[in-house]
Each structure stands twice: as C-alpha cells, then as structure tokens.
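Descriptive structure summary
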Amino acid sequence: MTNSLDLMGALLVGLAGSGHCIAMCGGVSAALSMAIPPDKQHFWGRLGYLLNYNLGRILSYVIAGALVGGLLATTGELGAGKHAIAGLRLVAALLMVALGLYLAGWWQGILLLERLGARLWPHIRPLAGKFLPFHSALQALPFGMVWGWLPCGLVYSMLTWSAAAGSASGGALLMFCFGIGTLPTLFALGGLADRLRYWLTLRSLRVGGALLLILYGLHTLWIGIASF
C-alpha cells in the first residue's frame, strides 16, 4: 500500500534527480523554446507553454503508474501475486539505493535501465514532431505527453515502485508526486528560474538528497524483508 512516506520519497526522487533531468531534458527544452512563437518569448508567454508541457509529461507518468500498479493489483488477488508484489517492493527498494548512488555520482548502474526503452523510443519520438511548431499553448500538452515516455532511469525506477504500490490509484499517485518533484528543474530549464537551476545543480544538495534516498531505500528494504 502507498503511504505518506512513499509519496515523500517519490517527491524526493524528483527533486534530487535534477542533474539527470537537466542532462536528459535539455534538448527537449531547447526544442520547446524554439517552437514557441516569437511574440510569446517572454515570461508570461512562455509560462503557458511550459505549464502545458509539464502537465502533459506528468499525465504520462500518472498513466504509466496506474497501468503498472493496476496490473500488479490484479495479479495480487492470487496468493502468488501477493508474493510477487512483496518481491517487487524489495526490487524497488534496491533500485532506490541504486538511484541514490547514481544521483550522488558514485555508481552509474541505473543507466542500464534506460537501454531497455531505447529501442522503442525512436518509434515514439516522431509523434512529438506532429505538434511543432506551436500555434497555441495547448499544443504543448500532447507534446509533453509524448516526451513523458522518454527512456529515463529515474522514471523506470519509479515505475517499479509504482508496481509495488498494490493498486492503480497508488501507482498513479506515486508517479504524480515524482512528476511534481521534477517541476522546479523543468521550469529552470525553460528559462523561468535561472537562479533555481544554479541551486539545483549544487553537488552538496544532490549528495544530500541522494543520501536521504539511500537511507529510505534501506529502510524500505528492511520492512520488505521483515514482511516475508
């Protein structure tokens, strides 16, 4: 079951993953900026496009979380399914630790997850081009939904966590909190918070967030082992 600690952890992943988000989404933000009409290239004009883009991106996360959470909830009605969910929670805990190590810059193993989706991405990416150039801010919504499926180790780790949530609503809520946690970085990339981008990339903040995530992962792992 999803609890408030899980939701806080999901939010932390989004916040602590700022460095990875900047590396992964920098190109997307550039494409987004160039697609905004010239007369909208100011703070309030860009704001509408960025809001719709991020709403679409987070909506994709929520849909994915609901799908994996609901799928495992269905199998959880069987005895073996319940053990499968418990096992997935252990895997999610290990991925949290691995993710913390990656965010701190101590181990890059989590990037192997991104290779799993790399083969599908070339077939999905062209869909985003159908909405460019933008003629209205609303077009940024489906554009964001497409880019929400960009292969990303952070997202894949969170989806494993969502699968262990035990319900479609729990999985969706976890992914929603993760998406909210990524918002500061994506707004900074969009040029609306340049000073915030500086603070988000400070190594001391990244390492601090990574250590909290590792501790939470170890705590979750202990609870999972004890539940068997």
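Residues numbered from 1 in each chain as written. Predicted model: local features only at pLDDT ≥ 70, side-chain atom pairs only at ≥ 80, totals over all residues. Heavy atoms only, no water.

Before going further, it helps to examine the UniProt feature "transmembrane region" (unreviewed entry) in the protein. UniProt tags residues 59-80, 87-107, 171-193 and 205-225 as "transmembrane region" (unreviewed entry). As a span, residues 87-107 carries 81% helix and 0% strand, and end to end its C-alpha atoms are 24 Å apart. Span residues 205-225 is 100% helix and 0% strand, its end C-alpha atoms 30 Å apart. (UniProt positions renumbered as here; feature names shortened; annotations may be inferred. Helix = DSSP H or I, 4+ residues; strand = E, 2+ residues; numbered from the N terminus.)

Here we take up helix 9 (residues 153-163). Counting buried positions over the 11 residues of helix 9 gives 10, a clear majority of the element. For helix 9, the complete set of buried residues consists of G153, L154, V155, S157, M158, L159, T160, W161, S162 and A163. (Buried < 20%, exposed > 50% of the residue type's maximum accessible area, 1.4 Å probe, protein only.)

One can find G105 in the loop between helix 4 (79-103) and helix 5 (112-118). Considered as a pair, G105 and R206 are 101 residues apart in the sequence and their alpha carbons are 9.0 Å apart.

Along the polypeptide, I214 turns up in helix 12 (residues 203-227). Each C-alpha atom of the pair I214 and V97 lies 4.5 Å from the other, and the pair is 117 residues apart in sequence.

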